[in-house]
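# Fold and geometry: a report
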Amino acid sequence: VAREGFRVCILTRGYGRANARARVVVSDGVTVFADAHEGGDEPRLLAEKLLGAASVVSDGDRVAAGRWAQENLSSDAFILDDGFQHLRIARDLDIVTVDAANPWGGGQLLPRGRLREPLKHLSRADLIVITRAELATDLAALRAEAERLNGKRAAVLTTTTRTIDVRPLDPSMLPNTDALSSHHPTSLPRFQQPVGAFCALGNPQAFFEHLRRDGYDLNHTRAFTDHHRYTQHDVEDLAREARERGARALLTTAKDAVKLGGLHFALPCYVVEIALEFDDEVRLLAIVRETISRRK
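Worth saying up front: this structure is predicted, and the values here are computed from it rather than measured.

The next point concerns the overall build of the protein chain. If you tally the helices and strands in the protein chain, you get eight helices and eleven strands. A compact globule built from 296 residues should have a C-alpha radius of gyration of about 19 Å, and the protein chain, at 20 Å, falls within 12% of that. For the C-alpha atoms alone, the extent of the protein chain along its principal axes is close to 55 × 45 × 35 Å. Taken across its 296 residues, the protein chain has 45% of its residues classed as buried. A separation of at least 24 residues holds for 69% of the contacts in the protein chain among residues at least 6 apart in sequence. Counting only carbon and sulfur atoms, one obtains 49% of the accessible surface of the protein chain, whose full area is about 15500 Å². Positive and negative charge centroids in the protein chain, built from 40 and 41 side chains respectively, lie 4 Å apart.

Let us now look at the sheet that holds strand β6 (residues 127-131). Spatial strand order, β5-β6-β7-β11-β10-β8-β9: seven strands in an open sheet with mixed pairing. Among the strands making up the open sheet, the edge pair consists of β5 (95-99) and β9 (218-223). When strand polarity is set aside, the average angle formed by the axes of neighbouring strands in this sheet is 30 degrees. Here strand β7 (residues 155-168) pairs with strand β11 (residues 269-278) via nine bridges, running antiparallel. Paired with D165 across the strands is E273, a residue of β11.

Moving on to unusual backbone geometry. With an omega dihedral of 5 degrees, the bond running from L110 to P111 counts as a cis peptide bond. As for its position among the elements, P111 is in the loop between β5 and β6. Phi at D82 is positive, roughly 55 degrees, even though this residue is not glycine. Here D82 shows up in the loop between β4 (77-80) and β5.

Generally speaking, nonpolar side chains in soluble globular proteins are found buried as a group. Ranked by size, the top nonpolar core spans 21 residues in total, and within it L169, F198, Y230, L250, L260 and F265 carry the most contacts. Elements supplying a minimum of two residues to this core: α6 (232-244), α7 (254-257) and β11. Among the elements that line this core, the one with the most residues is α6, at three residues. Every residue in contact with L260, bar those within four places of it in the chain, is listed here: L169, F198, Y230, V235, T252 and F265.

Reading the values: rules and limits
Residues numbered from 1 in each chain as written. Predicted model: local features only at pLDDT ≥ 70, side-chain atom pairs only at ≥ 80, totals over all residues. Heavy atoms only, no water. Helix = DSSP H or I, 4+ residues; strand = E, 2+ residues; numbered from the N terminus. Rg over C-alpha atoms; globule rule 2.2 N^0.38 Å. Buried < 20%, exposed > 50% of the residue type's maximum accessible area, 1.4 Å probe, protein only. Contact = heavy atoms within 4.5 Å. Areas by Shrake-Rupley, 256 points an atom, 1.4 Å probe, with all protein chains shown as cover. Lys, Arg positive; Asp, Glu negative; His and termini not counted. Charge placed at Lys NZ, Arg CZ, Asp CG, Glu CD. Pairing = 2+ DSSP bridges. Axes fitted to C-alpha atoms, helices over the stretch in contact; angles between N-to-C directions. Core = buried A, V, L, I, M, F, W, Y, C linked by side-chain atoms within 4.5 Å.

Here you go:
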């Protein structure tokens, strides 16, 4: 969208931040202003990844935040994070992601399950993206069910998750860091296998399974609650448990890494950077460009 000349702003609630009622400008697209504690872990990560392409604003009232961004950041295109049920804002393109590792959230609405709306509301989606397709037990059946629930009015695309980098959390604390960044775990120093892994995600088991598929020998895993705010006590317990089980290093996600600054690890800690690969990126871009053309 930014490449088409729009000034993009991501509007997000910013789960897990210190003051959920405050409006926090995490980034104006040029500078990152707020840390994960102030703005939320996902907004902070988005701000870092999208510098030069999009601003990021955390606010529970996304209508008011959007108006503020129009007036103060000259924003003219908005992306709502987790906004399918936020009906106060009119949308030009509703994109719904379905996690192939846990596609229908147990079939129950929050708090009994993970669904925020009944499955029948998938009929409103303009585009459905099945994520983590490599973990699907029956991808064809999942795609067919998504099409059925949607009434076959939307395109259904799939993505797979690929590791693109493994980097030290704190390069200054680790020896031979030039050799540690890699696209494949086998090039990591041999003494660092086996490893422990930890994360604070909505679906932690999917991350652990991704590492196993990448070839890592996991002998310890620890799942914290989604958006968990780490303390020094947490990482000390984590390192002790992993070391007792023979782990030589720890692995975590980029979303977790933005909350770990300033904490000391007794074991080397690495951040696994991932990317999504679409089965039909050409079609995805065509859908986005068609949506944009209707607004020009």
